[in-house]
Amino acid sequence: METTRLVLPGPAPTAHDAAALCARLARLYEDGARAVECDARAVTAPGLGAVEVLARLRLTARGRPLRVTGAGPALRALLHLVGLVELLGQPEEREPAGRVEEGVEADDPAL
């Protein structure tokens, strides 16, 4: 599958950048892009604006392939913190479901 690139502005995208980037992403998909890669190498001082931009891009993608590449440690940490880690192509780590018990053998001691 061919991937189209969308470059995020640096050093810190803001909420004001979101509308233009979302419009650009929508045009890329309308023009036939199958998958879009958001190049985040220029994002060296990410903050909540960068999180908003990426969250809105994810919503604009509407389930179509969208992945962030080139994210530095600070942006990766923010995406983990807000639950957008799947944009990095990694599954989100979740807590195990509550009240789930493992199999118990008859001779296991009670806790």
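Residues numbered from 1 in each chain as written. Predicted model: local features only at pLDDT ≥ 70, side-chain atom pairs only at ≥ 80, totals over all residues. Heavy atoms only, no water.

A.B. asks: Looking at this structure, I do not really get the overall build of the chain. What am I missing?
C.D. replies: Per the secondary structure count, the chain includes three helices and three strands. The secondary structure elements of the chain, listed N-terminal to C-terminal, are β-α-β-α-β-α. Across the 111 residues that make up the chain, the buried fraction comes to 33%. Residue pairs at least 24 apart in sequence account for 74% of intrachain contacts in the chain once pairs closer than 6 positions are excluded. Here the chain displays about 7500 Å² of accessible surface, and carbon together with sulfur accounts for 52% of that area. (Helix = DSSP H or I, 4+ residues; strand = E, 2+ residues; numbered from the N terminus. Buried < 20%, exposed > 50% of the residue type's maximum accessible area, 1.4 Å probe, protein only. Contact = heavy atoms within 4.5 Å. Areas by Shrake-Rupley, 256 points an atom, 1.4 Å probe, with all protein chains shown as cover.)

A.B. asks: Got a minute to help me understand the sheet that holds strand 3 (residues 66-69) in this structure?
C.D. replies: Picture the strands of a sheet paired through backbone hydrogen bonds; they go either parallel or antiparallel. Strand order in this open sheet of three strands is 1-2-3, and the pairing throughout is parallel. Edge positions in the sheet fall to strand 1 (3-7) and strand 3, since each has one partner strand and no second. Strand-to-strand twist of the sheet, defined as the mean angle between neighbouring strand axes without regard to direction, takes the value 30°. Where strand 1 meets strand 2 (residues 35-39), five bridges bridge the pair, whose relative direction is parallel. Each bridged residue has a counterpart across the sheet, and for threonine 3 the counterpart in strand 2 is alanine 35. Contacting strand 1, strand 2 and strand 3, helix 1 (residues 15-30) crosses the sheet at an angle of about 165° to strand 1. (Pairing = 2+ DSSP bridges. Axes fitted to C-alpha atoms, helices over the stretch in contact; angles between N-to-C directions.)

A.B. asks: Explain helix 1 here, please?
C.D. replies: An α-helical turn contains 3.6 residues, so a residue and the one three or four places further along point in the same direction. With 16 residues, helix 1 ought to run about 22 Å at 1.5 Å a step, and its terminal C-alpha atoms sit 23 Å apart, in line with that. Among the residues of helix 1, Ala18, Leu21, Cys22, Leu25, Leu28 and Tyr29 are the ones counted as buried. Seen from one end, helix 1 has its buried residues packed into an arc of 120°, which puts them on one side. Exposed positions of helix 1 whose direction lies more than 90 degrees from the buried face are His16, Ala20 and Glu30. Those residues of helix 1 hidden inside the fold are in contact with strand 1, strand 2, helix 2 (48-61) and strand 3. Count one or two residues on from helix 1 and you reach glycine 32, which has phi positive near 105°. (Expected span 1.5 Å × (residues − 1). Arc of directions from axis to C-beta.)

A.B. asks: Got a minute to help me understand the state of the cysteines in this structure?
C.D. replies: By definition, a disulfide links two cysteine residues through a covalent bond between their sulfur atoms. Applying the stated criterion across every chain yields a total of zero disulfides. Between cysteine 38, a free cysteine, and cysteine 22, which holds the nearest cysteine sulfur, the sulfur-to-sulfur gap is 9.3 Å. When its relative accessible area of 0% is taken as the criterion, cysteine 38 is described as buried. (Disulfide = S-S within 2.5 Å.)

A.B. asks: What exactly am I supposed to notice about the nonpolar core here?
C.D. replies: One recurring pattern in soluble globular proteins: nonpolar side chains tend to sit buried together. Within the largest apolar cluster, 29 residues are counted, with the highest numbers of intra-cluster contacts made by Leu8, Leu57 and Leu66. When contributions to this core are tallied by element, the ones reaching two or more residues are helix 1, strand 2, helix 2, strand 3 and helix 3 (73-82). If we skip the residues at most four places from it in the chain, leucine 66 touches Leu25, Tyr29, Val36, Cys38, Leu57, Arg58, Ala61 and Leu87. (Core = buried A, V, L, I, M, F, W, Y, C linked by side-chain atoms within 4.5 Å.)

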